[in-house]
Amino acid sequence: MSAEPRINDRIRVPEVRLVGPSGEQVGIVPLAKALELAQEYDLDLVEVAANARPPVCKLMDYGKFKYESAMKAREARKNQAHTVIKEMKLRPKIDPHDYDTKKGHVVRFLKQGDKVKITIMFRGREQSRPELGYRLLQRLAEDVQDLGFVESNPKQDGRNMIMVLGPHKKKTEAMAEARQAQEARKADAKANPGKSQNAAEADEEGAEAPAQESAEAPAQEPAEA
């Protein structure tokens, strides 16, 4: 069956509950009268509630209505956000510099509204010291607690220990903030014409990069320690 509503002469009922072009209630009128009014206003008679008794019809420009509906659907798909699960891998005896680097990635992912799966990889004798991995995961969770929370507590999975962090910020909010930051940079570049073009382009690329990555990144992106 077609999802398109019935319009004009495709409507086959004796009478309809008519709604005017501005949303005003005209009342129950014979179908012939409703079609006559549609011609008078140079509009279409569109059945908007087929299951009502009698069916509800509205006077409107159906072509314009379809176009606006398509644009709204397109904009909704454009702004649709999918939660992405990133993955960060660490060793239980990671050195401070590497830890800061890994933590920086986790911070960036959470700011983008993505979940992060943290995996501690044990090798050899490290498997007999699971507390090292647990303490490392606790430390990381505390370091990023302003941006995310522990969605899945640390648990042993073979030679690995896994924890999942969830962002406090929703994906849609993160995307909106990224767009606002980009617009602010553009406005600043216009307000300060002395700023070099290269610097302005660098700002724009920096604002666009996180949004592009969050939309196109695969479900998991392992990062070896």
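For the structure given in this document, a descriptive report is provided here. Predicted, not measured: the structure shown is a model, and the values here were computed from it.

Topic: the overall build of the protein
Moving on, step 1. Looking only at helices and strands, the protein has six helices and eight strands in total.
Moving on, step 2. Shown N-terminal to C-terminal, the secondary structure of the protein runs as helices and strands in the order β-β-α-β-β-α-β-α-β-α-β-β-α-α.
Moving on, step 3. For the protein, with 225 residues in total, the buried portion stands at 31%.
Moving on, step 4. Contacts spanning at least 24 positions in sequence make up 59% of the contacts within the protein whose residues lie at least 6 apart.
Moving on, step 5. Working note: accessible area of the protein is about 14400 Å², and carbon and sulfur atoms make up 49% of it.

A short note on helix 5 (residues 171-191)
Residues that lie three or four places apart on an α-helix share one face, since the helix turns once every 3.6 residues.
Moving on, step 1. Its 21 residues give helix 5 an end-to-end C-alpha distance of 30 Å, which sits within 8% of 30 Å, the value for a rise of 1.5 Å per residue.
Moving on, step 2. Of the positions making up helix 5, those classed as buried are Lys171, Ala174, Met175 and Gln182. One face of helix 5 carries all of its buried residues, which in axial projection span an arc of 100°. Opposite the buried face of helix 5, by more than 90 degrees, sit the exposed residues Gln180, Glu183, Lys190 and Ala191.

A word on the sheet that holds strand 2 (residues 25-30)
Moving on, step 1. Across the sheet, which stays open at both edges, the four strands sit in the order 2-1-4-3 with mixed pairing between neighbours. A strand with exactly one partner marks an edge of an open sheet, and here the two such strands are strand 2 and strand 3 (44-49). Here the strands of the sheet are splayed against their neighbours by 35° on average, with no regard to which way each runs.
Moving on, step 2. Relative to strand 4 (residues 56-60), strand 1 (residues 15-19) runs parallel, the two being bridged by three bridges. Bridge pairing in strand 4 places Val19 opposite Lys58.
Moving on, step 3. With respect to the sheet, helix 1 (residues 31-41) is in contact with strand 1, strand 2, strand 3 and strand 4, its orientation differing from that of strand 2 by roughly 125°.

Description of the packing of helix 3 (residues 96-111) against helix 4 (residues 130-143)
Moving on, step 1. At their nearest, the axes of helix 3 and helix 4 sit 11 Å apart, and the two run at 50° to each other. Considering the angle they form, helix 3 stands oblique to helix 4. The two elements helix 3 and helix 4 meet at a crossing, and its hand is right-handed. Residues Tyr99, Lys103 and Val106 of helix 3 touch helix 4, and the partners they reach there are Leu136, Arg139, Leu140 and Asp143.
Moving on, step 2. A breakdown of the residues in the contact of helix 3 with helix 4 according to their chemical character gives four nonpolar, no polar and three charged.

Some remarks on the environment of Leu18
Moving on, step 1. Residue placement: Leu18 occurs in strand 1.
Moving on, step 2. Overall, the relative accessible area of 0% leaves Leu18 in the buried class.
Moving on, step 3. Each C-alpha atom, one on Leu18 and one on Ala34, is 7.0 Å from the other, the two residues being 16 residues apart in sequence.

A short note on the pairing of strand 7 (residues 148-157)
Moving on, step 1. Looking at chain direction, strand 7 and strand 8 (residues 160-167) are connected through seven bridges and run antiparallel. Looking at strand 8, one finds that Gly148 is bridged to Pro167.
Moving on, step 2. Where strand 7 folds back onto strand 8 in an antiparallel hairpin, the turn is made up of two residues, including Gly158, whose phi is positive at roughly 65°.

Brief notes about unusual backbone geometry
Moving on, step 1. Geometrically, the link from Arg53 to Pro54 is a cis peptide bond, its omega value of 0° lying close to zero.
Moving on, step 2. Secondary-structure assignment places Pro54 in the loop between strand 3 and strand 4.
Moving on, step 3. In this model, Asn8 sits at a positive phi of 50°, which is unusual for a non-glycine residue.
Moving on, step 4. Inspection of the secondary structure puts Asn8 in the segment before strand 1.
Moving on, step 5. Positioned with a positive phi, Asp42 is a non-glycine residue whose angle comes to about 60°.
Moving on, step 6. Its place among the elements puts Asp42 in the loop between helix 1 and strand 3.
Moving on, step 7. On the accessibility criterion, Asp42 (68% relative accessible area) is exposed.

Quick notes on the rules
- Residues numbered from 1 in each chain as written.
- Predicted model: local features only at pLDDT ≥ 70, side-chain atom pairs only at ≥ 80, totals over all residues.
- Heavy atoms only, no water.
- Helix = DSSP H or I, 4+ residues; strand = E, 2+ residues; numbered from the N terminus.
- Buried < 20%, exposed > 50% of the residue type's maximum accessible area, 1.4 Å probe, protein only.
- Contact = heavy atoms within 4.5 Å.
- Areas by Shrake-Rupley, 256 points an atom, 1.4 Å probe, with all protein chains shown as cover.
- Expected span 1.5 Å × (residues − 1).
- Arc of directions from axis to C-beta.
- Pairing = 2+ DSSP bridges.
- Axes fitted to C-alpha atoms, helices over the stretch in contact; angles between N-to-C directions.
- Parallel < 35°, antiparallel > 145°, perpendicular 65-115°, else oblique.
- Left-handed = near helix turned anticlockwise from the far one by under 90°.
- Nonpolar A, V, L, I, M, F, W, Y, C, P; charged D, E, K, R; others polar.

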